[in-house]
Amino acid sequence: MFSGAQISLYPMTDDFVGVILGALDPWRDRLRIETDDISTLTVGPPEVLFPAMRDLFVAAAKSGKHCVLSAAVSRGCPGEPDDPICRSDETGGPAIPLDERKIAAIRAVQATPSTGQQVAAQFSLYVMGTGDHMDEIYGCIDFLKQSGVFERSKNFCTKLRGDAGAVFATLNEAFCRFGPGAGHVTLDITISANSPSAV
């Protein structure tokens, strides 16, 4: 199954090129990475993809400068070819009962180590091509409310706040455990750290 993300990172610092490229380097042997003048495509299994996004963002945010990451994350897109680098050990999807998936997702987030970097995030989950997609979305929302990083619902998205480790783990669990296991699922994500705006 094809899985990957189009990522745009915006560190508000003069050395933004070095910050971005330096943070991507440790992942080049585990992800296919292609950068152009708009975004960086990262292709690989979710259990590698989300830690790579986390580490990229934390490396950029630790400068203390305002930093924003925008990402479109997708798995199972019928328009993309299968890619051997995307083989995943993650389990989820409707073959496992929804309540069991919610419990497993909560446990995975609780077991995630702290990064020491506080972030805010908002995201939307899109479950494609299934008649029961709202059951999956409501199940995900129930998980989010128990994740420990849920802040509030917003129009068209859910807002999260907390340590980057727990926030990225929550996004990973939402992506992998809700929606059809072999079907098309996407996330639209915006993450911010060190914002000058009031909380």
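The sections below set out a description of the structure shown in this document. (Residues numbered from 1 in each chain as written. Predicted model: local features only at pLDDT ≥ 70, side-chain atom pairs only at ≥ 80, totals over all residues. Heavy atoms only, no water.)

As for helix H4 (residues 133–146)
Over its 14 residues, H4 extends 20 Å from the first C-alpha to the last, a length consistent with the 20 Å expected when each residue adds 1.5 Å. Along H4, the residues classified as buried are Glu136, Ile137, Gly139, Cys140, Phe143 and Leu144. Taken around the axis of H4, the buried residues stretch over an arc of 160°, which confines them to a single face. Of the residues in H4, the exposed ones pointing more than 90 degrees away from the buried face are Tyr138 and Lys145. Elements in contact with the buried residues of H4: helix H3 (98–110), strand E5 (118–127), strand E6 (150–154), strand E7 (157–163) and helix H5 (164–177). Remark: Gly148 follows H4 within two positions and exhibits a positive phi of approximately 90°. (Helix = DSSP H or I, 4+ residues; strand = E, 2+ residues; numbered from the N terminus. Expected span 1.5 Å × (residues − 1). Buried < 20%, exposed > 50% of the residue type's maximum accessible area, 1.4 Å probe, protein only. Arc of directions from axis to C-beta. Contact = heavy atoms within 4.5 Å.)

Describing the sheet that holds strand E2 (residues 32–35)
Strand order in this open sheet of eight strands is E2-E3-E1-E4-E8-E5-E7-E6, and the pairing throughout is antiparallel. At either end of the open sheet lies a strand with only one pairing partner, and these are E2 and E6. Averaged over all pairs of adjacent strands, the angle between strand axes in this sheet comes to 20°, irrespective of strand direction. In this structure, strand E4 (residues 67–75) lies alongside strand E8 (residues 185–193), joined through nine bridges in antiparallel fashion. (Pairing = 2+ DSSP bridges. Axes fitted to C-alpha atoms, helices over the stretch in contact; angles between N-to-C directions.)

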